Each structure stands twice: as C-alpha cells, then as structure tokens.
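Here's the letter readout for the chains.
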Amino acid sequence: MCAAAEVTAGVARGVARTALLVAAARAIETHRPDALARDPFAEHFVRAAPVSAGWPVRPEQVPAGEADPLWGRLGRYFGLRTRVLDDHLLHRADRGVRQVVLLGAGLDCRAFRLCWPPGCTVYEVDTAGVLAFKQAVLDRTGAVPAAGRRTLAADLRLDWSEALLGAGFDAAAPTAWLAEGLLLYLPADAERRLMTTIGRLSAAGSSLAYEIKEIAESPRVRASPVYTAARRRLGIDLLALFDSRARPDSAGALAERGWSVAVHTPYDFTARHGRGPRPEPDDALAANRWIFAAAPE
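Here is a short report on the structure shown in this document.

In this section: the packing of aromatic side chains. One pass over the structure, following the stated rule, counts twelve aromatic pairs. Feature note: the residues Tyr-77, Phe-78, Phe-269, Trp-290 and Phe-292 constitute an aromatic cluster, connected by ring pairs.

Take the environment of Thr-197 next. By the secondary structure assignment, Thr-197 is in helix H8 (residues 188-201). Taking the C-alpha atoms as reference, Thr-197 lies 7.0 Å from Ser-161; in sequence the two are 36 residues apart.

As a further point, take the pairing of strand E5 (residues 207-213). In terms of burial, E5 is largely enclosed, as seven of its seven residues are buried. The two faces of E5 match: Ser-207, Ala-209, Glu-211 and Lys-213 on one face and Leu-208, Tyr-210 and Ile-212 on the other face are all buried. Of the crossover connections in this fold, the one passing from strand E4 (residues 176-179) over H8 to the parallel E5 is right-handed. Taken together, the seven bridges between E5 and strand E7 (residues 288-294) define a ladder with antiparallel strand orientation. For Ser-207, the partnering residue across the bridge sits in E7 and is Ala-294.

In this model helix H4 (residues 69-94) runs 36 Å from its N-terminal to its C-terminal C-alpha over 26 residues, within 8% of the 38 Å that 1.5 Å per residue would give. At Gly-75, H4 is bent by approximately 30°, the largest bend along its length. With 20 of 26 residues buried, H4 is to be regarded as a mostly interior element. With a side-chain oxygen lying 2.8 Å from the backbone nitrogen of Leu-70, the N-terminal cap of H4 falls on Asp-68. The first or second residue beyond H4 is Gly-96, which carries a positive phi of 110°.

Evaluated as defined, the whole model comprises 30 salt bridges. A salt bridge links Arg-233 to Asp-68; the shortest N-O distance between them is 3.0 Å. On the criterion of sequence distance, the pair formed by Arg-233 in helix H10 (residues 225-234) and Asp-68 in the loop between helix H3 (42-48) and H4 is long-range, its members being 165 residues apart. Note on Arg-233: relative accessible area 43%, which makes it partly exposed. Classification of Asp-68 by relative accessible area gives buried; the value is 6%. A salt bridge links Glu-297 to Arg-95; the shortest N-O distance between them is 3.7 Å. On the criterion of sequence distance, the pair formed by Glu-297 in the segment after E7 and Arg-95 in the loop between H4 and strand E1 (99-103) is long-range, its members being 202 residues apart. Across the pair, exposure class does not vary: Glu-297 and Arg-95 are exposed alike. Look at the salt bridges and you will find they share partners, linking Arg-26, Asp-39, Arg-81, Asp-86, Asp-108, Arg-110, Arg-113, Glu-180 and Glu-211 into a network.

Rules of the game
Residues numbered from 1 in each chain as written. Predicted model: local features only at pLDDT ≥ 70, side-chain atom pairs only at ≥ 80, totals over all residues. Heavy atoms only, no water. Phe/Tyr/Trp six-rings, centres within 6.5 Å; stacked < 30°, edge-to-face > 60°. Helix = DSSP H or I, 4+ residues; strand = E, 2+ residues; numbered from the N terminus. Buried < 20%, exposed > 50% of the residue type's maximum accessible area, 1.4 Å probe, protein only. Right-handed = clockwise from strand over helix to strand, strands pointing away. Pairing = 2+ DSSP bridges. Expected span 1.5 Å × (residues − 1). Bend = angle between axes of the 7 residues up to and from the residue. Polar contact = N/O pair within 3.5 Å; in protein donor to acceptor, adjacent residues only side chain to side chain. Salt bridge = Lys/Arg side-chain N within 4 Å of Asp/Glu carboxyl O.

If you want it as structure tokens, here you go:
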C-alpha cells in the first residue's frame, strides 16, 4: 500500500468513515445562506478520501434539498449539533477554562475555526489513522490553529489517561470535555471507564458535553430513511456500528458525584435557533439526547 493510501485508509472503514459523513454535513451547512456553523476545512476532508470524493459538499449538490433524509435532515442535525457544542465550549472558555479535550475528535477543526481566548489548549484524542489523515489534509491547506493544539492517538475503549497527562494535560486545572458522536459506538463498560476517568481528571469548574441515544429504537424507526440512506448510498451501516446493548446511566452517575446535569433533545435547540431538524413519524433522531454536565465549583 502506498503512503497516500495508508493515510486515507484511516477513515475508510467502520466508525472512522462516519467522520467523513459528519464532515460532508458540515461542509454543506457551511455553504447554506442561513448556516448555523461554518467549517472551511470540512470539504477538504471529504474530497481527499476516495470513499467520499463524490459526496456532496454544497447545498446545490443535493438534488432533493431539505427533503433528502441524509444530506437534508441528518445533515441539518449535524449542523445544529456543531453550533450548539461550539457555543458550549466557547462559553466555558469565556468563563476562564483554558483546557479543552475532544474525545473522539474525528475531523472536527474547532482548534482552527473558533475564536479562542489567549492561552487555550485543545487536545484532540482519536485513533492514529484518523489523526494521520486529518493532519495530512490540514497540512495541504496550510491551516494554522487558533489555540494551542495537541493531538493524541488512543483507543478510547482502553485507558488513555496516562497518555493525556503525558501530553501536558493538567488535572488540577478546569477542563471542558467533549464527547461528540462517541458514546453511541462505545461498549457500555468502555463508557463507564471513560466517565470514571473524566471524573478523576476533572478539577472544580470542569464541564462535560456528550451525546447518547436514550432508548432502544423500534423496528419501524430502525427502518427509517435516515438509516437506510446512509447504508445504501454511503456504505455506512449506522445501526450495525451502534452498540445495541443496554447503556449505563452516565448522567445519573455524574449527578450522584455532585455534577449538575442538563439533558436536552436536539429539538430544544431547533426551537432556540429557528433552524434544524424537526420531529417526524418513526424518527431516527427522537432518541438522541445532548447532555451538559458541570462539576462542582
């Protein structure tokens, strides 16, 4: 395998390919006149990987527009999620947090595209393959981070804390943790370990934002156009990638440790911003929850 193929292989299969799906959705969102979030790097990732080179990256490349279940509905979901989590992290930074950890960072470029206060460091944790592909594309664009940026290759199903500490992470300082689109794919035991590790490494004033599916989905929901379109058109079987076993109550566990916890549906933020996906019958997004937790001050 040539060097270029080795790099793109990091996002060609399994959960890693979903990072390209989200990047394509962010690219489309970026070019909407009413964009909720803008990511000028997203389309470069999509075009750089052979598996996604033909995917749309602009609204006019989606023939069905908003009616398309994949690039319309699901794409709007990812655009809204990006905006909400951007706002959350910048709010924490405005309150003095200078340490941000993106767990399962994927092809997210928050270290480059957000306006961080001076002194912020963004840690990006993901597999070596995803990070290598990401860096190769960013190098070609000449991108310069807007904050200190440190990347860390790790398997988040295992212990990653020592590697994070070795990369300069300060457990005595407050941290804004983000697990965007990660826990859906982790085994339950790995989720429990991850939450325990976050609790152990979180100083007073830390926060955590993450996404889950709250309930098991019915056969009718599992047959919804969002899932079938991703499988048939992109070769991404989301249902096969999701861990289907009973999930831990991570929000409850955080609350028991004294964290304040707020649980939202995506539609809470559709209403707030006036844009984004709306409920529909047999809704593949209805079980999704966005959770925001804050450690005691």
